[in-house]
Amino acid sequence: MFLNSQGVSGSGGASPQMGEARLRWLRGTRQLDVMAPKLRNRANTLALHLQTDREKAIAVHDFVKALPFSCVPDYSALTASEVLHQGHGDCFTKGMLFVALLRALQVPARLRFVSLPVSFLRGIVEPEEASIMHAMAEVLIDSRWLVTDSYVPDAILCAGAHQKLVSEGRSMGYGIHINGSQRWDGISDASAQCCLADVASLPVVDWGIADDPESFYADKSHSELRRNFATRLKWRLAAPLVNKRVAAVRASVSLKAKKPV
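Conventions used here
Residues numbered from 1 in each chain as written. Predicted model: local features only at pLDDT ≥ 70, side-chain atom pairs only at ≥ 80, totals over all residues. Heavy atoms only, no water. Helix = DSSP H or I, 4+ residues; strand = E, 2+ residues; numbered from the N terminus. Expected span 1.5 Å × (residues − 1). Buried < 20%, exposed > 50% of the residue type's maximum accessible area, 1.4 Å probe, protein only. Contact = heavy atoms within 4.5 Å. Pairing = 2+ DSSP bridges. Axes fitted to C-alpha atoms, helices over the stretch in contact; angles between N-to-C directions. Core = buried A, V, L, I, M, F, W, Y, C linked by side-chain atoms within 4.5 Å. Parallel < 35°, antiparallel > 145°, perpendicular 65-115°, else oblique. Nonpolar A, V, L, I, M, F, W, Y, C, P; charged D, E, K, R; others polar. Lys, Arg positive; Asp, Glu negative; His and termini not counted. Salt bridge = Lys/Arg side-chain N within 4 Å of Asp/Glu carboxyl O. Polar contact = N/O pair within 3.5 Å; in protein donor to acceptor, adjacent residues only side chain to side chain.

## So, helix α3 (residues 53–66)
Alright, step 1. In a regular helix each residue adds 1.5 Å, so 14 residues correspond to 20 Å; α3 covers 20 Å between its end C-alpha atoms and thus fits that length.
Alright, step 2. Every buried residue of α3 is accounted for by Lys56, Ala57, Ala59, Val60, His61, Phe63, Val64 and Lys65.
Alright, step 3. Where the residues of α3 are buried, they touch α2 (37–46), α4 (80–86), α5 (91–104), β2 (131–141), β3 (144–148) and α6 (155–168).

The following block contains the structure:
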């Protein structure tokens, strides 16, 4: 079970209302356009010959993880099928795609929004704030809500980030925690961005669950979290620099691989 530093559970555990939960977290929304033909086709292709929800969830996880990580300055207008078409994304947009693909396969899924210490982004993002909003997915498997965000950083970025953290003697940065999970087995929780053994990496605030970013920010209780014009403009200007730094981390892996032994 994923616990943040305040002891808030990110994993709901078993519930007597699981039948209702399945229906509640299978529906489509404007951003989770689960009936979009290309999205449904992709979901069905990923699940071909797979029998269990766990197998399907792992297949979707691995597909979304393979998409390159990139900072998306404004995800408010995007849908999951558009993220699929673009073929890249961040915690919000890859999370939308992950949840939508699972719902298309009749596997209940949702997003949980938390504030993480910004340390896990050092090297690619240098914000002034001490924490940053982050979206994690929850998947209902065998009557348990399992949390994962290990699909957010792609494998090449993870490899480059790990190498840099080792050389710099740091535990967090470049989008990962050095002891975070890069794989998900569909049995337990898995986070690439934080590690249960490292309290300094855990969420400082658990803002709760929602279908997608749009529905989360539309909630009146989250009105203070909505991005204003200045914040949107800041991220629009910052995104190219962030993605340039991410590309440099990926390139460092290729350069190391090409060096003669």
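That covers the picture; the talk isn't over yet.
## Some remarks on the sheet that holds β3
Alright, step 1. Pairing in this open sheet of four strands is antiparallel, and the strands run β3-β2-β1-β6 from one edge to the other. Each edge of the open sheet is held by one strand with a lone partner, namely β3 and β6 (205–210). Looking at each pair of strands side by side, their axes are set apart by 30 degrees on average, direction ignored.
Alright, step 2. In terms of strand pairing, β2 meets β3 through five bridges, oriented antiparallel. Bridging across to β3, valine 139 finds its partner in leucine 146.

## So, the nonpolar core
Alright, step 1. In this structure, Leu39, Leu97, Phe98 and Leu101 are the most contacted members of the largest nonpolar core, which totals 72 residues.
Alright, step 2. Among the elements that line this core, the one with the most residues is α5, at ten residues.

## Brief notes about the pairing of β3
Alright, step 1. Most of β3 is tucked away, with four of its five residues classed as buried.
Alright, step 2. A loop of two residues connects β2 with β3, the two strands running antiparallel in sequence, and aspartate 142 in this loop sits at a positive phi of about 50 degrees.

## Remarks on the packing of α2 against α5
Alright, step 1. Relative to each other, α2 and α5 sit at 75 degrees, their axes nearing to 9 Å. Between α2 and α5, the angle is such that the two are roughly perpendicular. Across the interface between the two elements, Leu39, Arg40, Arg42, Ala43 and Leu46 from α2 touch Leu97, Ala100, Leu101 and Ala104 from α5.
Alright, step 2. Here the residues of the contact of α2 with α5 sort into seven nonpolar, no polar and two charged.

## Digging into the environment of valine 114
Alright, step 1. Positionally, valine 114 belongs in strand β1 (residues 109–117).
Alright, step 2. Its relative accessible area of 2% is what places valine 114 among the buried residues.
Alright, step 3. For valine 114 and methionine 136, which are 22 residues apart along the polypeptide, the C-alpha to C-alpha distance reads 7.7 Å.
Alright, step 4. With residues up to four places along the chain from it excluded, the contact list for valine 114 reads Ile132, Met133, His134, Met136, Pro203, Val205, Asp206 and Trp207.

## A word on the side chain of aspartate 212
Alright, step 1. Mapped onto the fold, aspartate 212 is located in the loop between β6 and α7 (213–218).
Alright, step 2. Buried and unpaired, aspartate 212 has no salt bridge, with arginine 103 as the nearest side chain of opposite charge at 6.5 Å.
Alright, step 3. Among the polar contacts listed, one links the side chain of aspartate 212 to the backbone nitrogen of glutamate 214, at a separation of 3.3 Å.
Alright, step 4. Of note is the side chain of aspartate 212, whose polar atom sits 2.7 Å from the backbone nitrogen of serine 215.
Alright, step 5. When sequence neighbours within four positions are dropped, the list of residues in contact with aspartate 212 reads Thr29, Gln31, Leu32, Leu111 and Phe113.

## Some remarks on the pattern of salt bridges
Alright, step 1. Under the definition given, this model contains ten salt bridges.
Alright, step 2. Where arginine 112 meets aspartate 206, a salt bridge forms, and the shortest distance between an N and an O atom there is 2.9 Å. Taken together, the residues arginine 112 in strand β1 and aspartate 206 in strand β6 connect sequence positions 94 residues apart. Across the pair, aspartate 206 and arginine 112 agree in class, each one buried.
Alright, step 3. Because the salt bridges share partners, they merge into one network encompassing Arg24, Arg27, Arg103 and Asp211.

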